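What the coordinates show
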Amino acid sequence: MTVRNIVILTGAGISAESGVATFRGPGGLWEGHRVEDVCTPEALARDPETVHRFYDLRREALAGVEPNAAHHALARLDREWPGELLIVTQNVDDLHERAGAARMLHMHGELLSALCTGCGARNEWRGPLPPGSECPRCGAAALRPDIVFFGEIPRKMERIEAALSGCDLFVSIGTSGAVYPAAGFVQLARHYGAETLELNLEASEGSLLFDDSRMGPAGTLVPAWVEEMLGG
């Protein structure tokens, strides 16, 4: 099959090599916190101080990490690939952008953004975000982390589904294959006839759904795959 249009899904595994805490496992992001306490609308309503502080710490930690070889390789592919390309990330960090990727979107929100629950505006935000922070657009004391909490609908789903329906190749990088709707993207891409490739540190829950699965560090696998795609 001739590949012209590509959709790439990235998950926590691609940023783990930069030192960003992952979702699961010992020492992971949620160790010491129940998801229900920090990443649901109910938690925000019940204990905004804890939720806001949790994301303040993540925002602060982000300043100490840098994009790795996998991020830079995808940014190169974004610059040089002549066909359609869309990088969909489940990550809320800004490492893809810092590496230079432009044809991308964040389906689970962005850590360096604050959402106004009053007017709906999204504002760049790099410092602490205490409860009651005012929206620069409307003045309402209604800012919250611009994160898609569990139970909320991921962003840009129509655009993602349109890209999946028209792609020739779907690539999943560093994802667990356990969080929907992203875990279902491989099946949707296959439904429309795309080839599918998984690049992951270890087999995921969805590995058997891919035409090809390659196991190893993202910082090794992704640059090698990009070289392959660009004819290097």
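Small disclaimer: the values here were computed from a predicted structure and weren't measured. (Residues numbered from 1 in each chain as written. Predicted model: local features only at pLDDT ≥ 70, side-chain atom pairs only at ≥ 80, totals over all residues. Heavy atoms only, no water.)

Here we look at the packing of aromatic side chains
Quick reminder of the rule: Classification of ring pairs rests on two measures: the distance between centres of Phe, Tyr or Trp rings, Trp counted by its six-membered ring, which must be within 6.5 Å, and the angle between planes, read as stacked under 30 degrees, edge-to-face over 60 and tilted in between. Summary of the burial criterion: residues with accessible area below 20% of their type's maximum are buried, those above 50% are exposed, and those between are partly exposed, where the area comes from a 1.4 Å probe applied to protein chains only. Helix and strand assignments come from DSSP, with helices taken as H or I runs of at least 4 residues and strands as E runs of at least 2, each series counted from the N terminus.
One pass over the structure, following the stated rule, counts three aromatic pairs. For the pair Phe-54 and Tyr-55, a centre-to-centre distance of 5.1 Å together with 90° between the ring planes defines the contact as edge-to-face. Among the residues examined, Phe-54 registers a relative accessible area of 7% and is labelled buried. On the basis of relative accessibility, which here comes to 1%, the residue Tyr-55 falls in the buried class. Between Phe-170 and Phe-210, the aromatic rings sit 6.3 Å apart at their centres with planes inclined by 15°, giving stacked as the arrangement. Linking Phe-170 in strand 7 (residues 169-173) with Phe-210 in the loop between strand 8 (195-200) and strand 9 (212-215), this pair joins segments that are 40 residues apart in sequence. Classification of Phe-170 as buried rests on a relative accessible area of 1%. The structure contains a cluster of three or more aromatic residues connected by ring pairs, namely Phe-54, Tyr-55 and Phe-149.

What about the UniProt feature "binding site: Zn(2+)" (unreviewed entry) in the protein?
Note the threshold: UniProt positions are given in the numbering used here, feature names are shortened, and annotations may be inferred rather than shown by experiment. Whether two residues touch is decided by their heavy atoms; if any such pair falls within 4.5 Å, the residues are in contact.
In the numbering adopted here, UniProt assigns the feature "binding site: Zn(2+)" (unreviewed entry) to Cys-116, Cys-119, Cys-135 and Cys-138. With the annotated positions falling across 23 residues, the maximum pairwise C-alpha distance of 8.6 Å places them together in a single cluster. Mapped onto the elements of the fold, Cys-119 is located in the loop between strand 4 (109-116) and strand 5 (122-124). Residue classification places Cys-119 among the partly exposed residues on the basis of a relative accessible area of 40%. As for its placement among the helices and strands, Cys-135 is situated in the loop between strand 5 and strand 6 (143-147). Taking the relative accessible area as the measure of exposure, Cys-135 reaches 3% and is therefore buried. Contact partners of Cys-135, with chain neighbours within four places excluded, come to Cys-116, Cys-119, Ala-121, Asn-123, Ala-140 and Leu-143.

Here we look at the nonpolar core
Stated formally: To qualify as a nonpolar core, a set must consist of buried Ala, Val, Leu, Ile, Met, Phe, Trp, Tyr and Cys residues joined through side-chain atoms within 4.5 Å.
One finds Ile-6, Ile-8, Leu-74, Val-171, Ile-173, Val-222 and Trp-225 to be the most contacted residues of the largest nonpolar core, which totals 25 residues. Those elements giving two or more residues to this core turn out to be strand 1 (6-10), helix 5 (69-80), strand 2 (85-89), strand 7, strand 8 and helix 9 (218-229). A per-element tally of this core places helix 9 first, with six residues. If we skip the residues at most four places from it in the chain, Val-171 touches Ile-6, Val-7, Ile-8, Leu-9, Leu-197, Leu-199 and Trp-225. Val-7, Val-88, Ala-194 and Phe-210 belong to the second-largest nonpolar core, a separate cluster that totals 17 residues.

A few points about the domain arrangement of the protein
Rules: In this entry, domain limits derive from an automatic or database-based domain assignment. When two parts are brought into contact, each loses some accessible area as probed by a 1.4 Å sphere; the total of that loss over both is the buried area.
On domain assignment, one finds that the protein holds domain 1 (1-20 + 67-108 + 154-231) and domain 2 (21-64 + 109-147). Taken together, the contacts link 17 residues of domain 1 with 14 residues of domain 2. Here domain 1 packs against domain 2, burying approximately 1100 Å² in sum over the two surfaces, 50% of which is carbon and sulfur. Among the residues domain 1 hides against domain 2, the three largest losses belong to Val-20, Val-92 and Arg-155. Together they make up 48% of the total. Elements with a contribution of two residues or more to the side of domain 1 that touches domain 2: helix 1 (12-16) and helix 6 (95-99).

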